[in-house]
Each structure stands twice: as structure tokens, then as C-alpha cells.
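# Observations on chain architecture
The primary structure of each chain is shown beneath.
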Amino acid sequence: MNIEKVLVDFSNWIWNLPLLILLVGGGIYFLIYSRLLPFKHFLHAIAVIRGKYDDKSNVGEISAFRALSTALSSTLGMGNISGVAIAIGMGGPGALFWMWVSALIGMATKYYTCSLAIMYRGKDDSGVVQGGPMYVIMEGLGKNWKPLAVFFSIAGLFGSLPIFTANQLTQVLNDVLLPGLGYEASTKSSLLIGIVISVMVSIVIFGGIQRIANYASKLVPFMVVLYFLSVSYILVINQSNIIPAFEQVFLDAMTGDAVLGGSLGALIIVGIRRAAFSNEAGIGTAPMAHGASKNLEPVKEGLVAMLGPFIDTIVVCTLTAMAILVTNSWQNPNMGGVTVTLNAFIKTMPDYGAVLLVFIVFIFALTSLFTYSYYGTKCISFLLGTRYKKIYNYIYVASISLGAISTMSGIVGLIDISFALMSIPTMLSAIILSPKVNKATRAYFNKLHLKSNII
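Everything quoted here is computed from the prediction, not taken from an experiment. (Residues numbered from 1 in each chain as written. Predicted model: local features only at pLDDT ≥ 70, side-chain atom pairs only at ≥ 80, totals over all residues. Heavy atoms only, no water.)

### Overview of the overall build of the protein
Looking only at helices and strands, one finds 21 helices and two strands in the protein. Within the protein, the proportion of its 455 residues that are buried is 60%. Intrachain contacts of the protein at a sequence separation of at least 6 include 84% that bridge at least 24 residues. Carbon and sulfur atoms provide 66% of the accessible area of the protein, an area that totals close to 18000 Å². (Helix = DSSP H or I, 4+ residues; strand = E, 2+ residues; numbered from the N terminus. Buried < 20%, exposed > 50% of the residue type's maximum accessible area, 1.4 Å probe, protein only. Contact = heavy atoms within 4.5 Å. Areas by Shrake-Rupley, 256 points an atom, 1.4 Å probe, with all protein chains shown as cover.)

Here is the structure:
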């Protein structure tokens, strides 16, 4: 039996109409039910991030800004650089449009799921306050719903594995670093790279959420600015192709002609699937990071969290897509994943583009690798207890080498399946508990109005 084919076929089956209705339909429900809250209070969310409403006496492990940075350090990763390339390779330029749609809807989803992560926090067996869909289910819906919480946590153990990021980081190092040193890529070189990455990651992840958040809060803003400047240069050099690229995105979004032979439904699924992979709205990972925030106000944390899909998909994924489209690097059938983005950099900056992207990819990948270990340890702590956290981290570190030598399609299939399964309890619990969030939202903004501090 071909395990890779089984994974790909199952991921294609599960990412179909029912899941589309749950993620997109649920997101539209949140958007309407909140009366377009993500767009009405966008500026207020930015003020919260800037610390205008911080209370240093609050409980929790990290600040709201660090919670966002930690969440973004997982979403701002290989999904933005190689995931976008995979989406365009599978669905053509029109996939980007449906990624935008999914992100705008996902802002409302993030608001509800991450507000609930603060509203219904629980304690692990060590007495430490924790948040995430499993605790939302237990504290918000009751112990009768525990099987759903267990279901999420089991899926989360697999969804948090670093195999995709390790695979794509290894691919770009094999494509650029080894030829520069006079070596050819091989399974042995991939394994060696995987071992080196494992050592680097283990130094940070065994330090816990404080150390992860500390690194993330420093690296995330830096890598976003550096990537923005790099892609901006590509767009300036290829400025005559920018308008045609956007025209291609909108035209293809309505037809799916570029790759999928006019199958608009398949194109929409590709766009939403890759957007979910990138910004994770509705999947349940971000609530685990935001649930560790010192914020006691659920609405404030939800407002901070809803900026995630905007930064991740509307800004960063669009930058990657435009770089790929204006250089036409996506049209090479012999390239896939991160190599497509790498080709865009090399075409525009032949002397240093490859080295620049390797540096950027390295930072993106490391911050993702740091954060996903935290998600996995939260899942195993819920299932078996905190004493098993280090055991999961050992498995996590070992899986980096496995991801480095595995095929991309099989890995993408496994992570897609895990994310799909995680989204079911995350979205169901959020939809059921959404009236609680609306009630808290009204109370929060009424209180701000009374203080005359609303933005």
C-alpha cells in the first residue's frame, strides 16, 4: 500500500464540501452575527496591541502582543512562502483571491475562537492556567463534551508536528546551500540538515512558552519587515507586470481556467485549504497561544487575534503570490513548493536573491518550529498530563529529521488531514458558544463608551 497516496486521497476527500461549509459557512455566520465587528473595530485592535489597555497585574504567561507574536510565528512560516506557491501551482492565480476571501472571513472566526480561549480557560494537572479549544469545550460546554476535547487534542498531536516546515526548509537548503558548497543534494544531506535543525530547535523549545514567546516577539516583526522589503524590490523591478498579475488573479478566480479546467469549485477549495494552512483560522492552534495571554478581557484578546489572518494572508501571502506571478516563476512545471518562490527571487536578484530567501526562510521556519512544539505539548498535557510534555518534545524533535527526508505531497496530506480534524471541534464549540462572546462584546464596548476611551 502506498501510504503517500492514501494520505493525499484522504486529505482530498476530507477537504470537500462539508468542511468547506463548516469553515467558510461558520466564518460567514460569525461575521454576520458580530455585525462585521472585525472591520468596525480594526483600529481599536491595533491600539490594544500597542499596549494602550494593558494591565500588568493580570494572570497568564505572556502579554497580548507576545501572544499574537507567538501565534503569528506559527502562521507566518512556510505556509506563506511555499504554501502560497503550492496553492498557485494547484489552482492557478485565482487561488489567491479565494485565500483573501477566506482570510477576511477568518478574521471573524479568530475573534470568536480566541475570545473563547480567554473566557473559558482551565487548569492543567500542575495547576497552571491554560487555554485552547480543549479547555473551551470542557469549561464552556461541560464534561459531557470531553470526547470532543480529546478528539481535538489527538488530532492536534499530529497537526503540531514540524514535518512540513522541516521538509521545505531542507528543500531550500538543498537547492541553494549545497550547490554553493560544491555538494549535491541527497537523502544523506537531507538527514544531516534535519539533525542540525533538530539541535537548534531543541535548545529553544525545552525552555517553554516564555522562551518561545521571547524569541517570537523579537523575530516575527523583523522577518515581516525584511520579507516585505525583499518582495517590494521584486515588485518594483517587475512593476509593469503588477496590474496584469492582479487582473489574472481576479479573472482566474471566477473561472478556474488557468489550471483546473474551469472547475471553480475545486479552485475555491484549493484557495481556502491553503489559506487555512497558512493563517489557521478555525483550526484551533491560535487559541492555544492566545489562551496563554495575561489578558483577562476575552474581547481584547479576540480583537488582537483577529489581526492574525489579515497580517498573514492579506499582507504576507499576497506579497509572495505577487512575487511569483510578476516573475512567472509559477509556470515552470518542474518546480514545486518553496522552489517556486526561490525562482522568483533568483530571477530578480540573480547575485544574492537565493541567499536572501534562504535567510528569510530560515527565520520563518525556525519561529514556526519553536511554536508548534508548544501546541503539541498542550495537547499531550491535556490528554496524559504535563509530565509527558518532554516526551512529546523528544518525538517532536525526532520528527524534524523524518520530515526532512520525506516527500512533500505525503507530508502536506498528513497535515491537511490533521488540520481538518482539528477544525471540527474548534468550529462546533465556537458556534455553540458564540452568544456568550456577543454578550461579552456588548459589555466590553459599553464599558469603553462610558469611559469615553473608545477608538
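From this point, the discussion proceeds with the structure in view.
### Comments concerning the packing of helix α8 (residues 133–141) against helix α9 (residues 146–159)
The contact between α8 and α9 brings their axes to 8 Å, and the two run at 175°. One element, α8, and the other, α9, form an angle in the roughly antiparallel class. Residues Pro133, Met134, Ile137 and Met138 of α8 lie in contact with α9, whose contacting residues are Lys146, Leu148, Ala149, Phe152 and Ser153. Among the residues making up the contact of α8 with α9, the classes are represented as seven nonpolar, one polar and one charged. (Axes fitted to C-alpha atoms, helices over the stretch in contact; angles between N-to-C directions. Parallel < 35°, antiparallel > 145°, perpendicular 65-115°, else oblique. Nonpolar A, V, L, I, M, F, W, Y, C, P; charged D, E, K, R; others polar.)

### Re the pattern of salt bridges
Pairing is possible between side chains that carry opposite charge, provided their charged atoms lie close to one another. Applying the stated criterion to the full structure yields one salt bridge. Note that Asp9 and Lys5 form a salt bridge whose closest N and O atoms lie 2.8 Å from each other. Linking Asp9 with Lys5, this pair stays in helix α1 (residues 3–14), spanning four residues, or about one helical turn. (Salt bridge = Lys/Arg side-chain N within 4 Å of Asp/Glu carboxyl O.)

### A few points about unusual backbone geometry
In the Ramachandran plot, Leu36 falls in the positive-phi region, its phi being about 60° despite a non-glycine side chain. Assignment of secondary structure puts Leu36 in the loop between α2 (17–33) and α3 (37–40). In this structure, Asn328 takes a positive phi of about 60° despite not being glycine. Along the polypeptide, Asn328 turns up in the loop between α17 (298–326) and α18 (338–348).

### Quick notes on the packing of aromatic side chains
Note on aromatic pairs: each is described by the distance of the centres and the angle between the planes. The final tally for this structure, using the stated rule, is 17 aromatic pairs. A ring pair is formed by Phe97 and Trp98, whose centres lie 5.0 Å apart and whose planes are at 90°; its orientation type is edge-to-face. Each member of the pair Phe97 and Trp98 is classed as buried. Geometrically, the ring pair formed by Trp100 and Phe250 is tilted, given 5.7 Å between the ring centres and 50° between the ring planes. Of this pair, Trp100 sits in helix α7 (residues 94–119) while Phe250 sits in helix α13 (residues 242–253), placing them 150 residues apart in sequence. (Phe/Tyr/Trp six-rings, centres within 6.5 Å; stacked < 30°, edge-to-face > 60°.)

### Observations concerning a positive patch on the surface
A contiguous patch of positive charge, built from Arg35, Lys40, Lys436, Lys439 and Arg442, is present on the exposed surface. Per-element accounting of the positive patch gives the leading share, three residues, to helix α21 (residues 408–451). Position of Lys40 relative to the elements: it lies in helix α3. With relative accessibility at 52%, the residue Lys40 sits in the exposed group. (Patch = residues over 30% accessible without salt bridge, like charges linked within 9 Å, V, L, I, M, F, W, Y side chains within 5 Å. Lys, Arg positive; Asp, Glu negative; His and termini not counted. Charge placed at Lys NZ, Arg CZ, Asp CG, Glu CD.)

### Description of the packing of α18 against helix α19 (residues 353–384)
Remark: α18 packs on α19, axes separated minimally by 8 Å, with the N-to-C direction vectors making an angle of 135°. The orientation of α18 with respect to α19, classified from their angle, is oblique. Crossing hand, α18 versus α19: right-handed. Contact residues: Val338, Thr341, Leu342, Phe345 and Ile346 in α18; Gly353, Ala354, Leu356, Leu357, Ile360 and Val361 in α19. For the contact of α18 with α19, a count of residues per class yields nine nonpolar, two polar and no charged. (Left-handed = near helix turned anticlockwise from the far one by under 90°.)

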